[in-house]
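# What the coordinates show
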Amino acid sequence: MKRSRIILTVIVVLAVAAVAGLFVFLKTFDVNKSLPGIAAQASQAIGRDLKIGSARIGFSFSRGITLQAMDIVLADDPAFSDKPFLTLARADVGLDVGALVFERRIKMAQVTLVAPRVVIIRSKEGFVNAATIGQKPPASPAAPAGQGKPAAALPALLVNDIRVEDARVTYVDRTFTPAMAVEAGRIDVNIRDLSLTGPFSVTLKAALFSSEQDLSADARVTLDMAGLSARVSPLNMQFDLAKIEVSRLEKELPMLKDAGLKRIEGMFKLSFSDMQLGAQGLAGLKGQAVLEKGRVTAGLLPVPAEDIQFKADLDEKNIRVASFSCSFSEGTLSGDGVVTDYLSDPGVAVAFDARAVDVRKIAEGYKLPLTMSGLVSSSGEIKFSGRSPEAVLSSLN
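Overview of the structure. These numbers come from a predicted model, not from an experiment.

With that settled, the discussion passes to the side chain of T132. Checked against the element boundaries, T132 lands in the loop between β4 (105-122) and β5 (156-173). Accessibility expressed as a relative area gives 16% for T132, which makes it buried. Only 3.1 Å separates the side chain of T132 from the side chain of D77, close enough to count as a polar contact. Ignoring any residue separated from it by four or fewer positions in sequence, one finds T132 in contact with R48 and D77.

So this is what it looks like as structure tokens:
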């Protein structure tokens, strides 16, 4: 019994001494002296120049080891831009020491990324700057057989919670002339139980064409580290069109200015059963788009289009509109259609059917200097192609 007490006392003393030693080490260790080497190794791994402004490391019994890095800058591919691809105001990481020592797992209780700014660029040729991340320079010749030691197995990585706060993403599409730039701000992301081998959950809220969050999404993601790709299955998005600020929409999508938009309403839902994201872009895209209770008021329209309903299936090339309908000037408009090559050279074909449209309200809406009355019913097909208003008008038939 006495011997057991002595052994237990020794263990406790050693544990306290180890914790005290770790605490003193972390408090006196200057991580900033190691930053250049850390940044250089990371730059080599991802194939982009990475800079870290400053960092500090600490220890607490509630959070374990904590690491904070500030003013992080990741360069863009010089083929796309000489400005940063990513800037990050601060990154906070909490590391579970017990899991690393006793379970040989890298367990991060929480990772928080504060105010990241990302610029995604699509070139005129259709290539995307984000796709070149991870492309390393050519490797040096292999060492002769028998030289060097095999790399030790890395501990398993587990992250309980990743939070992204107040992010902003700017998308620049140079396939348009002039280039189109769309910005999403106030982005908050939560990633639960991140895994490098199995699926994990992602939720997102963002402000698109608005000063308040109008877009929400949730997804299940599985990473393929060997192929530098990710499978997303499923992905569900919901966009509240009533929160759109028309002035901002026209600024970022100038091709809509001629429509004279005044207000847009409705709930737009986009769901994907499966998609692959990788260096080659999107693949295996299968999705469905639905618009419910839509309403559009615009100078181009003599009267508002109301109760707009829309259903479409889409893949990485085409959008097939199964049905659309709306109330218009006391009558109805309905039909179906297809949009081919919507990411490169879009072509649109729409079959429509108009029933009992009141021409008097149309004349009054356009303020025509004549009196008209009666109901009109008609059907037909409209085809056009191109990405600019001029191209659309010249191809309209």
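Before going further, it helps to spend a moment on helix α2 (residues 35-46). In this model, α2 (twelve residues) spans 16 Å end to end at C-alpha, consistent with the 16 Å of a helix rising 1.5 Å per residue. When we look at burial in α2, the residues that qualify are L35, A39 and S43. The arc that holds every buried residue of α2, seen down its axis, measures 70°, which confines them to one face. Immediately downstream of α2, the backbone of G47 shows phi near 75°, a positive value.

With that settled, the discussion passes to the pairing of strand β6 (residues 180-194). Of the pairings in the sheet, the one linking β6 to strand β7 (residues 200-208) comprises seven bridges and is antiparallel in character. Bridge assignment links A184 to a residue of β7, and that residue is L208. Joining the antiparallel neighbours β6 and β7 is a turn of five residues.

Attention now goes to the environment of V159. The topology assignment puts V159 in strand β5. For V159, a relative accessible area of 3% translates into the label buried. Sequence separation of V159 and L196 is 37 residues, and the distance between their C-alpha atoms is 9.9 Å. Ignoring any residue separated from it by four or fewer positions in sequence, one finds V159 in contact with M108, V111, D193 and L194.

Here is what the cut-offs are and how they apply
Residues numbered from 1 in each chain as written. Predicted model: local features only at pLDDT ≥ 70, side-chain atom pairs only at ≥ 80, totals over all residues. Heavy atoms only, no water. Helix = DSSP H or I, 4+ residues; strand = E, 2+ residues; numbered from the N terminus. Buried < 20%, exposed > 50% of the residue type's maximum accessible area, 1.4 Å probe, protein only. Polar contact = N/O pair within 3.5 Å; in protein donor to acceptor, adjacent residues only side chain to side chain. Contact = heavy atoms within 4.5 Å. Expected span 1.5 Å × (residues − 1). Arc of directions from axis to C-beta. Pairing = 2+ DSSP bridges.

On their own, these measurements won't tell you what the molecule is for.
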